[in-house]
Amino acid sequence: MKKVFLYFLMIISSLILSACFDSNNTNSLEQIKKNGFVRIGVFGDKPPFGYIDEKGENQGYDVYFAKRIAKELFGDENKVHFVLVEAANRVEFLKSNKVDIILANFTKTPQREEQVDFALPYMKVSLGVVVPKDSTISKIEDLNDKTLLLNKGTTADAYFTENYPNIRTLKYDQNTETFAALLDKRGDALSHDNTLLFAWVKNHPDFKMAIKDLGNHDAIAPAVKKGDIQLKEFLDNLIIKLSNEQFFHKDYEATLKDHFSSDISAEDVVIEGGKI
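Residues numbered from 1 in each chain as written. Predicted model: local features only at pLDDT ≥ 70, side-chain atom pairs only at ≥ 80, totals over all residues. Heavy atoms only, no water.

**With respect to the sheet that holds strand β11 (residues 189-193)**
Part 1 of the reasoning: Across the sheet, five strands lie side by side as β10-β9-β11-β8-β12; this open sheet has mixed pairing. Strands with a single pairing partner mark the edges of an open sheet, and in this sheet they are β10 (168-172) and β12 (207-220). Neighbouring strand axes in the sheet, compared pairwise and without regard to direction, differ in orientation by 25° on average.
Part 2 of the reasoning: Pairing of strand β8 (residues 123-132) with β12, which is carried by eight bridges, proceeds in the antiparallel orientation. Bridged to Leu 127 within β12 is Leu 214. (Pairing = 2+ DSSP bridges. Helix = DSSP H or I, 4+ residues; strand = E, 2+ residues; numbered from the N terminus. Axes fitted to C-alpha atoms, helices over the stretch in contact; angles between N-to-C directions.)

As C-alpha coordinates, this is what we get:
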(Lines give C-alpha, C1' and ligand atoms only; values in the text may rest on other atoms or scores of the structure.)
Protein backbone atom coordinates (compact mmCIF):
# COMPACT_ATOMS: atom_id res chain seq x y z
CA MET A 1 0.00 0.00 0.00
CA LYS A 2 2.83 2.37 0.87
CA LYS A 3 4.50 1.70 -2.48
CA VAL A 4 1.25 2.42 -4.38
CA PHE A 5 0.77 5.68 -2.45
CA LEU A 6 4.33 6.78 -3.26
CA TYR A 7 3.83 5.93 -6.93
CA PHE A 8 0.70 8.07 -7.23
CA LEU A 9 2.36 10.87 -5.24
CA MET A 10 5.15 10.87 -7.82
CA ILE A 11 2.59 11.03 -10.64
CA ILE A 12 0.92 14.09 -9.07
CA SER A 13 4.31 15.78 -8.63
CA SER A 14 5.12 15.06 -12.28
CA LEU A 15 1.88 16.66 -13.45
CA ILE A 16 2.47 19.75 -11.35
CA LEU A 17 5.97 20.10 -12.77
CA SER A 18 4.67 19.67 -16.33
CA ALA A 19 2.07 22.38 -15.83
CA CYS A 20 4.82 24.90 -15.11
CA PHE A 21 6.05 24.76 -18.71
CA ASP A 22 4.53 26.37 -21.79
CA SER A 23 3.59 23.58 -24.21
CA ASN A 24 4.77 25.76 -27.12
CA ASN A 25 8.37 25.81 -25.90
CA THR A 26 10.88 23.70 -27.77
CA ASN A 27 12.96 21.12 -25.94
CA SER A 28 16.21 22.69 -27.12
CA LEU A 29 19.47 21.93 -25.39
CA GLU A 30 19.91 25.65 -24.75
CA GLN A 31 16.55 25.89 -22.97
CA ILE A 32 17.33 22.84 -20.82
CA LYS A 33 20.58 24.45 -19.68
CA LYS A 34 18.73 27.69 -18.89
CA ASN A 35 16.21 25.73 -16.80
CA GLY A 36 19.06 24.22 -14.78
CA PHE A 37 17.63 20.71 -14.94
CA VAL A 38 16.47 18.14 -17.48
CA ARG A 39 13.00 16.57 -17.43
CA ILE A 40 13.14 12.88 -18.27
CA GLY A 41 10.13 10.61 -18.65
CA VAL A 42 10.54 7.22 -16.97
CA PHE A 43 8.29 4.42 -15.77
CA GLY A 44 7.33 4.22 -12.12
CA ASP A 45 6.01 0.65 -12.17
CA LYS A 46 8.25 -1.34 -14.49
CA PRO A 47 11.08 -2.91 -12.47
CA PRO A 48 13.93 -3.30 -13.08
CA PHE A 49 13.90 -0.63 -15.82
CA GLY A 50 12.00 2.16 -14.10
CA TYR A 51 10.23 1.97 -10.75
CA ILE A 52 9.70 3.67 -7.39
CA ASP A 53 11.43 1.97 -4.46
CA GLU A 54 10.24 1.72 -0.85
CA LYS A 55 11.78 5.12 -0.08
CA GLY A 56 9.89 6.81 -2.90
CA GLU A 57 13.01 7.14 -5.07
CA ASN A 58 13.32 6.42 -8.78
CA GLN A 59 15.39 3.35 -9.59
CA GLY A 60 16.22 1.15 -12.58
CA TYR A 61 18.23 0.78 -15.76
CA ASP A 62 16.70 3.85 -17.43
CA VAL A 63 17.02 5.93 -14.25
CA TYR A 64 20.74 5.08 -13.99
CA PHE A 65 21.21 6.45 -17.52
CA ALA A 66 19.04 9.49 -16.83
CA LYS A 67 21.24 10.49 -13.91
CA ARG A 68 24.32 10.26 -16.14
CA ILE A 69 22.66 12.55 -18.69
CA ALA A 70 22.09 15.12 -15.96
CA LYS A 71 25.69 14.77 -14.79
CA GLU A 72 26.94 15.35 -18.34
CA LEU A 73 24.76 18.45 -18.72
CA PHE A 74 25.22 20.04 -15.31
CA GLY A 75 27.99 18.17 -13.50
CA ASP A 76 25.36 16.92 -11.04
CA GLU A 77 23.33 13.73 -11.47
CA ASN A 78 20.61 15.16 -9.25
CA LYS A 79 19.74 17.87 -11.79
CA VAL A 80 17.12 15.59 -13.33
CA HIS A 81 13.39 15.88 -12.73
CA PHE A 82 11.77 12.50 -13.25
CA VAL A 83 8.34 12.59 -14.88
CA LEU A 84 6.34 9.37 -14.57
CA VAL A 85 4.78 8.17 -17.80
CA GLU A 86 2.66 5.26 -19.01
CA ALA A 87 3.38 3.29 -22.18
CA ALA A 88 0.45 4.87 -24.02
CA ASN A 89 1.33 8.52 -23.29
CA ARG A 90 5.07 8.60 -24.00
CA VAL A 91 4.71 10.22 -27.43
CA GLU A 92 2.13 12.72 -26.18
CA PHE A 93 4.36 13.79 -23.29
CA LEU A 94 7.07 14.76 -25.78
CA LYS A 95 4.66 16.48 -28.16
CA SER A 96 3.08 18.52 -25.38
CA ASN A 97 6.46 19.47 -23.88
CA LYS A 98 5.87 17.73 -20.56
CA VAL A 99 9.32 16.13 -20.82
CA ASP A 100 12.58 16.82 -22.63
CA ILE A 101 13.58 13.17 -23.09
CA ILE A 102 11.78 9.85 -22.85
CA LEU A 103 13.77 6.96 -21.34
CA ALA A 104 10.81 4.75 -20.52
CA ASN A 105 11.94 1.47 -22.09
CA PHE A 106 10.91 2.97 -25.45
CA THR A 107 11.25 0.57 -28.39
CA LYS A 108 12.18 2.24 -31.68
CA THR A 109 9.60 1.47 -34.39
CA PRO A 110 8.84 3.01 -37.82
CA GLN A 111 5.43 4.18 -36.58
CA ARG A 112 6.93 5.98 -33.60
CA GLU A 113 9.71 7.49 -35.73
CA GLU A 114 7.00 9.40 -37.60
CA GLN A 115 6.10 11.20 -34.37
CA VAL A 116 9.35 11.51 -32.38
CA ASP A 117 13.09 11.44 -33.03
CA PHE A 118 15.11 8.58 -31.56
CA ALA A 119 18.74 8.83 -30.54
CA LEU A 120 21.11 5.86 -30.78
CA PRO A 121 19.90 2.67 -29.02
CA TYR A 122 21.18 1.36 -25.69
CA MET A 123 19.29 -1.90 -25.22
CA LYS A 124 18.04 -4.91 -27.22
CA VAL A 125 14.54 -6.30 -26.93
CA SER A 126 11.94 -8.56 -28.51
CA LEU A 127 8.55 -9.75 -27.28
CA GLY A 128 7.76 -12.68 -25.02
CA VAL A 129 4.72 -14.41 -23.54
CA VAL A 130 4.39 -15.47 -19.91
CA VAL A 131 1.84 -17.98 -18.54
CA PRO A 132 1.07 -19.88 -15.32
CA LYS A 133 3.47 -22.77 -14.76
CA ASP A 134 0.77 -25.40 -15.34
CA SER A 135 -0.33 -23.85 -18.65
CA THR A 136 -0.04 -25.84 -21.88
CA ILE A 137 0.49 -22.71 -23.99
CA SER A 138 3.83 -22.91 -25.82
CA LYS A 139 3.23 -21.19 -29.18
CA ILE A 140 1.14 -18.45 -30.75
CA GLU A 141 -1.48 -20.87 -32.06
CA ASP A 142 -2.25 -21.98 -28.51
CA LEU A 143 -3.63 -18.48 -27.78
CA ASN A 144 -6.51 -18.78 -30.26
CA ASP A 145 -9.10 -19.82 -27.67
CA LYS A 146 -7.46 -17.97 -24.76
CA THR A 147 -7.43 -14.43 -23.37
CA LEU A 148 -4.19 -12.50 -23.81
CA LEU A 149 -3.36 -9.59 -21.50
CA LEU A 150 -1.64 -6.54 -22.98
CA ASN A 151 -0.40 -3.14 -21.82
CA LYS A 152 -1.85 -0.38 -24.04
CA GLY A 153 0.63 1.49 -26.22
CA THR A 154 3.34 -1.16 -26.09
CA THR A 155 4.99 -2.97 -28.99
CA ALA A 156 3.18 -6.12 -27.81
CA ASP A 157 -0.14 -4.31 -28.21
CA ALA A 158 0.81 -3.16 -31.73
CA TYR A 159 2.18 -6.58 -32.71
CA PHE A 160 -0.88 -8.61 -31.77
CA THR A 161 -3.32 -5.99 -33.06
CA GLU A 162 -1.65 -6.05 -36.47
CA ASN A 163 -0.70 -9.70 -36.81
CA TYR A 164 -3.23 -11.63 -34.71
CA PRO A 165 -6.43 -9.53 -34.54
CA ASN A 166 -8.55 -12.63 -33.88
CA ILE A 167 -6.86 -13.43 -30.57
CA ARG A 168 -9.07 -12.29 -27.70
CA THR A 169 -7.30 -9.61 -25.63
CA LEU A 170 -7.76 -7.55 -22.48
CA LYS A 171 -5.80 -4.28 -22.40
CA TYR A 172 -4.84 -2.06 -19.48
CA ASP A 173 -3.31 1.41 -19.22
CA GLN A 174 -0.88 0.73 -16.41
CA ASN A 175 1.78 -1.94 -16.26
CA THR A 176 0.77 -2.89 -12.72
CA GLU A 177 -2.85 -3.43 -13.83
CA THR A 178 -1.81 -5.79 -16.62
CA PHE A 179 0.28 -8.02 -14.36
CA ALA A 180 -2.35 -7.88 -11.61
CA ALA A 181 -4.86 -9.24 -14.15
CA LEU A 182 -2.59 -12.21 -14.81
CA LEU A 183 -2.16 -12.88 -11.11
CA ASP A 184 -5.95 -12.66 -10.66
CA LYS A 185 -6.49 -15.11 -13.56
CA ARG A 186 -8.43 -12.60 -15.68
CA GLY A 187 -6.33 -13.80 -18.59
CA ASP A 188 -4.49 -16.93 -19.67
CA ALA A 189 -1.27 -15.29 -20.85
CA LEU A 190 0.48 -11.94 -20.95
CA SER A 191 2.75 -10.51 -23.63
CA HIS A 192 5.32 -7.77 -23.07
CA ASP A 193 9.00 -7.03 -23.68
CA ASN A 194 10.91 -10.25 -23.04
CA THR A 195 13.52 -8.46 -20.92
CA LEU A 196 10.81 -7.32 -18.53
CA LEU A 197 9.27 -10.80 -18.44
CA PHE A 198 12.61 -12.48 -17.67
CA ALA A 199 12.78 -10.38 -14.50
CA TRP A 200 9.10 -10.78 -13.61
CA VAL A 201 9.16 -14.59 -13.89
CA LYS A 202 12.19 -14.82 -11.62
CA ASN A 203 10.17 -13.03 -8.92
CA HIS A 204 7.03 -15.07 -9.61
CA PRO A 205 7.99 -18.77 -9.61
CA ASP A 206 4.41 -19.89 -10.28
CA PHE A 207 4.78 -18.56 -13.83
CA LYS A 208 7.02 -19.38 -16.78
CA MET A 209 8.08 -18.04 -20.17
CA ALA A 210 5.90 -19.81 -22.73
CA ILE A 211 7.49 -17.93 -25.64
CA LYS A 212 10.90 -16.31 -25.05
CA ASP A 213 11.42 -14.61 -28.39
CA LEU A 214 8.61 -13.26 -30.54
CA GLY A 215 8.30 -10.71 -33.33
CA ASN A 216 11.08 -8.40 -34.42
CA HIS A 217 14.43 -8.02 -32.69
CA ASP A 218 14.20 -4.37 -31.80
CA ALA A 219 16.18 -1.74 -29.94
CA ILE A 220 15.31 0.62 -27.11
CA ALA A 221 16.49 4.21 -27.45
CA PRO A 222 16.02 7.69 -25.96
CA ALA A 223 13.35 9.76 -27.71
CA VAL A 224 13.09 13.53 -28.11
CA LYS A 225 10.55 15.85 -29.65
CA LYS A 226 10.35 15.66 -33.45
CA GLY A 227 12.89 18.05 -34.98
CA ASP A 228 14.89 18.59 -31.78
CA ILE A 229 18.19 18.13 -33.58
CA GLN A 230 20.41 19.64 -30.86
CA LEU A 231 19.18 17.35 -28.11
CA LYS A 232 19.27 14.26 -30.33
CA GLU A 233 22.87 14.99 -31.33
CA PHE A 234 23.83 15.51 -27.69
CA LEU A 235 22.39 12.10 -26.78
CA ASP A 236 23.99 10.40 -29.79
CA ASN A 237 27.41 11.81 -28.91
CA LEU A 238 26.98 10.89 -25.24
CA ILE A 239 26.05 7.28 -26.04
CA ILE A 240 29.09 6.96 -28.30
CA LYS A 241 31.32 8.51 -25.63
CA LEU A 242 29.97 6.21 -22.90
CA SER A 243 31.02 3.13 -24.86
CA ASN A 244 34.65 3.94 -23.93
CA GLU A 245 33.84 3.13 -20.32
CA GLN A 246 31.36 0.33 -21.07
CA PHE A 247 28.74 2.40 -19.27
CA PHE A 248 25.73 0.27 -20.13
CA HIS A 249 27.49 -2.89 -18.95
CA LYS A 250 27.98 -1.10 -15.62
CA ASP A 251 24.34 -0.06 -15.69
CA TYR A 252 23.35 -3.70 -16.28
CA GLU A 253 25.49 -4.89 -13.35
CA ALA A 254 24.05 -2.24 -11.04
CA THR A 255 20.37 -2.48 -11.96
CA LEU A 256 19.48 -5.59 -14.00
CA LYS A 257 21.77 -8.51 -13.23
CA ASP A 258 20.23 -9.47 -9.91
CA HIS A 259 16.75 -9.43 -11.46
CA PHE A 260 17.55 -11.96 -14.18
CA SER A 261 18.22 -15.68 -14.00
CA SER A 262 21.75 -16.97 -14.57
CA ASP A 263 21.07 -17.89 -18.20
CA ILE A 264 20.68 -14.19 -19.12
CA SER A 265 23.86 -12.13 -19.63
CA ALA A 266 24.65 -8.49 -20.34
CA GLU A 267 25.30 -9.35 -23.98
CA ASP A 268 21.66 -10.47 -24.33
CA VAL A 269 20.45 -7.01 -23.35
CA VAL A 270 23.07 -4.26 -23.60
CA ILE A 271 24.04 -2.14 -26.59
CA GLU A 272 27.20 -0.03 -26.32
CA GLY A 273 27.99 2.93 -28.55
CA GLY A 274 24.65 2.63 -30.34
CA LYS A 275 25.90 -0.34 -32.34
CA ILE A 276 23.46 -3.24 -32.57
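So, next bit.
**Re the packing of helix α7 (residues 175-183) against helix α8 (residues 194-203)**
Part 1 of the reasoning: Viewed as axis vectors pointing N to C, α7 and α8 meet at an angle of 50°, and their least axial separation amounts to 14 Å. One way to sum up the angle between α7 and α8 is to call them oblique. Relative to α8, α7 is oriented so that their crossing is right-handed. Residues Asn 175, Phe 179, Leu 182 and Leu 183 of α7 form the contact with α8, whose own contacting residues are Leu 196, Leu 197 and Trp 200. (Parallel < 35°, antiparallel > 145°, perpendicular 65-115°, else oblique. Left-handed = near helix turned anticlockwise from the far one by under 90°. Contact = heavy atoms within 4.5 Å.)

**A closer look at the side chain of Asp 157**
Part 1 of the reasoning: Structurally, the position occupied by Asp 157 is in helix α6 (residues 155-163).
Part 2 of the reasoning: Overall, Asp 157 belongs to the buried group, its relative accessible area being 12%. (Buried < 20%, exposed > 50% of the residue type's maximum accessible area, 1.4 Å probe, protein only.)

**A word on the pairing of strand β5 (residues 80-84)**
Part 1 of the reasoning: Judged by how many residues are buried, β5 sits mostly within the fold: four of five residues are covered.
Part 2 of the reasoning: Inspection of the sheet shows strand β1 (residues 38-42) paired to β5 by five bridges, in the parallel sense. In the strand pairing of β5, Val 38 is matched with Val 80.

**A closer look at empty space enclosed by the protein**
Part 1 of the reasoning: Scanning the model with the defined rule gives one cavity of 30 Å³ or more in all.
Part 2 of the reasoning: Every residue along the wall of the largest cavity is listed here: Phe 43, Lys 46, Ala 87, Arg 90, Asn 105, Thr 107, Arg 112, Thr 154, Thr 155, His 192 and Asp 193.
Part 3 of the reasoning: The residue makeup of the lining of the largest cavity, split by class, is two nonpolar, five polar and four charged. (1 Å grid on protein atoms, 1.4 Å probe; cavity = no way out; pocket = protein on both sides within 12 Å on 5 of 7 lines; lining within 4 Å. Points joined across faces, edges and corners; volume = space filled by probe spheres on them. Nonpolar A, V, L, I, M, F, W, Y, C, P; charged D, E, K, R; others polar.)

**A closer look at the environment of Glu 141**
Part 1 of the reasoning: Checked against the element boundaries, Glu 141 lands in the loop between β8 and β9 (147-151).
Part 2 of the reasoning: Residue classification places Glu 141 among the partly exposed residues on the basis of a relative accessible area of 49%.
Part 3 of the reasoning: In this structure the C-alpha to C-alpha distance between Glu 141 and Tyr 164, which are 23 residues apart in sequence, comes to 9.8 Å.

**Things to note about the nonpolar core**
Part 1 of the reasoning: With 55 residues, the main nonpolar core has Ile 40, Phe 65, Ile 69, Ile 101, Leu 103, Phe 248 and Phe 260 as its most contacted residues.
Part 2 of the reasoning: For this core, the element with the highest residue contribution is helix α3 (residues 61-74), accounting for seven residues.
Part 3 of the reasoning: Those residues in contact with Phe 260 that lie beyond four places of it in its chain are Phe 49, Thr 195, Phe 198, Ala 199, Lys 202, Tyr 252 and Val 269.
Part 4 of the reasoning: Formed by 16 residues, the second largest nonpolar core is a distinct cluster that contains Val 131, Leu 148, Phe 160 and Ile 211. (Core = buried A, V, L, I, M, F, W, Y, C linked by side-chain atoms within 4.5 Å.)

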